[in-house]
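Read off the chains here:
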Amino acid sequence: MPLPRFDRLPADARAAILAVARAHFARDGKDAASFNQIIAEAGISKTSAYHYFDGKDDLFGAVVADAAARTLTALGPWAEVGTAEELWRQLVAGTTRLAAHLREHPDDRAVLAGQPRTGGDPWIRDLVANGTKIGLIAPDPSAELVAVATAGVFDALDTWALDHPDELDRPVADTLVLFLARLWNAPAPR
């Protein structure tokens, strides 16, 4: 993660540095991207760059964190619902927004592809808690295990979708709904 001095830069300067780095990492990959070329194109000296980052790996981590934050912003927060129909609708809408973001921002998709997911996403935890509360998801044999398995389905589909950008459309949401309905032993929406 970036050093504290990076966080003290004006927001537009941080965004500009990350945008240049994101483009390089997306195009060349983490290993082939040149730290020196990135900082030169970003218009910062090598001395300044090392005041902001410990090196290329640190800069890459900042780019991944920024891309993840941008995609989570596109997803939006989970809003508690009262019915199964509303839950499925919100799930499809969120998945569709996320897929659209990744289609429209291929550099985010490229830097996120291949990165490990945490599985501890609050959106997923809130979805499972809401689904359990309204009776769509049975918390058996363990509510925690159901949450972990649900996160696993999301992680698997995320990995697949990031590796198959040409297929980021409505069928991804439909596939997610199908997998989750089967996992939760719940009726899928019509």
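A short tour of the structure in this document, coming up. Note that this is a predicted model, so its numbers are computed, not measured.

### A short note on the pattern of salt bridges
Then, number 1: In the structure shown here, the tally under the stated rule is six salt bridges.
Then, number 2: R27 is the salt-bridge partner of D28, the closest N and O atoms lying 3.0 Å from each other.
Then, number 3: In this structure D28 comes out as partly exposed when scored by relative accessible area, which is 29%.
Then, number 4: What you see here is one network of salt bridges that share partners, running through R22, D66, R70 and D108.

### Here's the deal with the packing of helix α5 (residues 56-75) against helix α6 (residues 84-104)
Then, number 1: It is the contact of α5 with α6, at a shortest axis distance of 8 Å, that shows an interaxial angle of 140°. The orientation of α5 with respect to α6, classified from their angle, is oblique. Crossing hand, α5 versus α6: right-handed. Taking contact as the criterion, the partners of R70, T71, A74 and L75 in α5 are, on α6, G94, T95, R97, L98, H101 and L102.
Then, number 2: Per-class residue counts for the contact of α5 with α6 are four nonpolar, four polar and two charged.

### Section: the packing of aromatic side chains
We describe a pair of aromatic rings using the distance from one ring centre to the other and the angle between the two ring planes.
Then, number 1: For the structure shown, the criterion picks out seven aromatic pairs.
Then, number 2: Aromatic side chains W78 and W123 sit 5.0 Å apart centroid to centroid with 85° between the ring planes, which places their arrangement in the edge-to-face category. Of this pair, W78 sits in the loop between α5 and α6 while W123 sits in helix α8 (residues 122-133), and the two are 45 residues apart along the sequence.
Then, number 3: A relative accessible area of 6% places W123 in the buried class.
Then, number 4: A centroid spacing of 5.5 Å and a plane angle of 35° characterise the contact between W88 and W184, whose relative ring orientation is tilted. Highlighted residues: W88 in helix α6 and W184 in helix α10 (residues 170-184), separated in sequence by 96 residues. There is no split in this pair, since W88 and W184 are both buried.
Then, number 5: An aromatic cluster of at least three residues, connected via ring pairs, comprises F6, Y52 and F53.

So, how was this worked out
Residues numbered from 1 in each chain as written. Predicted model: local features only at pLDDT ≥ 70, side-chain atom pairs only at ≥ 80, totals over all residues. Heavy atoms only, no water. Salt bridge = Lys/Arg side-chain N within 4 Å of Asp/Glu carboxyl O. Buried < 20%, exposed > 50% of the residue type's maximum accessible area, 1.4 Å probe, protein only. Axes fitted to C-alpha atoms, helices over the stretch in contact; angles between N-to-C directions. Helix = DSSP H or I, 4+ residues; strand = E, 2+ residues; numbered from the N terminus. Parallel < 35°, antiparallel > 145°, perpendicular 65-115°, else oblique. Left-handed = near helix turned anticlockwise from the far one by under 90°. Contact = heavy atoms within 4.5 Å. Nonpolar A, V, L, I, M, F, W, Y, C, P; charged D, E, K, R; others polar. Phe/Tyr/Trp six-rings, centres within 6.5 Å; stacked < 30°, edge-to-face > 60°.

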